[in-house]
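Residue-level structure breakdown
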Amino acid sequence: MGITIGVTWLFAFLAGGMTMLGLASIITGRLVFGLGYSDWSEREARQLGAIYAAWGGSFGLYALYGGLTLGSRSFPDPLIGHWWGIVIPFLPAAVLMAGLFLQLRIVNRHRTLAARRSVDR
């Protein structure tokens, strides 16, 4: 039981840290981690911050769900009972994949605009 509490606390702590980094980017309009670029626009920084906050929030909820499930020793069988038993484990993965796709679009747009600016000079 102690290991379950420790692992749940660790994942919730990391998810909370990611959520706070995302919220800091949303509030300030600057990225805490710049992904190799220093000239992110305020809009791009807020969009990336929203992605980080969504990742942190979904992983925090999943850590809570996993901790409660492991702590109560009641593992839901997706083949027996309600249909949502199979959906819950895929929610953080869906948020992760959607966030990676959106982040890729934002970075691609940033690179395109940076290339246009360098050609115009």
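Here is what the cut-offs are and how they apply
- Residues numbered from 1 in each chain as written.
- Predicted model: local features only at pLDDT ≥ 70, side-chain atom pairs only at ≥ 80, totals over all residues.
- Heavy atoms only, no water.
- Helix = DSSP H or I, 4+ residues; strand = E, 2+ residues; numbered from the N terminus.
- Buried < 20%, exposed > 50% of the residue type's maximum accessible area, 1.4 Å probe, protein only.
- Axes fitted to C-alpha atoms, helices over the stretch in contact; angles between N-to-C directions.
- Parallel < 35°, antiparallel > 145°, perpendicular 65-115°, else oblique.
- Left-handed = near helix turned anticlockwise from the far one by under 90°.
- Nonpolar A, V, L, I, M, F, W, Y, C, P; charged D, E, K, R; others polar.
- Salt bridge = Lys/Arg side-chain N within 4 Å of Asp/Glu carboxyl O.
- pLDDT = per-residue confidence, 0-100.
- Expected span 1.5 Å × (residues − 1).
- Core = buried A, V, L, I, M, F, W, Y, C linked by side-chain atoms within 4.5 Å.
- Phe/Tyr/Trp six-rings, centres within 6.5 Å; stacked < 30°, edge-to-face > 60°.

In this structure, Thr69 sits in helix α2 (residues 42-72). The buried category is assigned to Thr69, whose relative accessible area is 12%. Taking the C-alpha atoms as reference points, Thr69 and Thr4, 65 residues apart in sequence, are found 9.9 Å from one another.

In this section: the packing of helix α1 (residues 2-28) against α2. Direction vectors running N to C along α1 and α2 enclose 165°, while the axes themselves pass 7 Å from each other. As the angle between them shows, α1 and α2 are arranged roughly antiparallel. Judged by the twist between their axes, the crossing of α1 over α2 is left-handed. Each residue belonging to the contact of α1 with α2 can be placed in one class, and the counts come to 15 nonpolar, 12 polar and one charged.

Taken as a whole and judged by the stated rule, the model has two salt bridges. The partner of Arg46 in a salt bridge is Glu42, and the shortest N-O contact between them spans 2.6 Å. One end of the pair is Arg46 and the other is Glu42, both in helix α2 and four residues apart, which spans about a single turn. Residue class for Arg46 comes out partly exposed when judged on its relative accessible area of 31%. Given a relative accessible area of 46%, Glu42 falls into the partly exposed group. For the salt bridge of Glu44 with Arg109, the shortest nitrogen-to-oxygen distance reads 3.7 Å. In this pair, Glu44 is assigned in helix α2 and Arg109 in helix α4 (residues 91-120), connecting sequence segments 65 residues apart.

Looking now at the side chain of Ser25. Its place among the elements puts Ser25 in helix α1. When its relative accessible area of 1% is taken as the criterion, Ser25 is described as buried.

Keep in mind that low pLDDT regions are not for reading the predicted coordinates in detail. Taken as a whole, the protein shows an average pLDDT of 83; of its residues, 83% reach a score of 70 or greater. Confidence, read as mean pLDDT per element, is least for helix α3 (residues 84-87) in the protein (68) and greatest for α1 (89).

Another point: α2. The end-to-end C-alpha distance of α2, which contains 31 residues, comes to 45 Å, matching closely the 45 Å that a straight helix rising 1.5 Å per residue would cover. One or two residues past the end of α2 sits Arg73, with phi positive at roughly 55°.

Leu31, Trp40, Ala45, Leu48, Ile51, Tyr52, Trp55, Ile106 and Val107 together form the largest nonpolar core, which totals nine residues. Of all the secondary structure elements, the ones that give two or more residues to this core are α2 and α4. It is α2 that provides the largest number of residues to this core, a total of five residues.

Per the counting criterion, the structure on display carries two aromatic pairs. Consider the rings of Trp9 and Phe13, whose centres lie 5.2 Å apart with planes at 15°: the pair is stacked. Note that Trp9 and Phe13 are positioned in helix α1 at a spacing of four residues, about one turn of the helix. With a centroid separation of 5.8 Å and 45° between ring planes, the pair formed by Tyr52 and Trp55 is classed as tilted. You can see Tyr52 and its partner Trp55 sitting in helix α2, three residues apart, about one turn around the helix. For the pair Tyr52 and Trp55, a shared accessibility class is recorded, and that class is buried.

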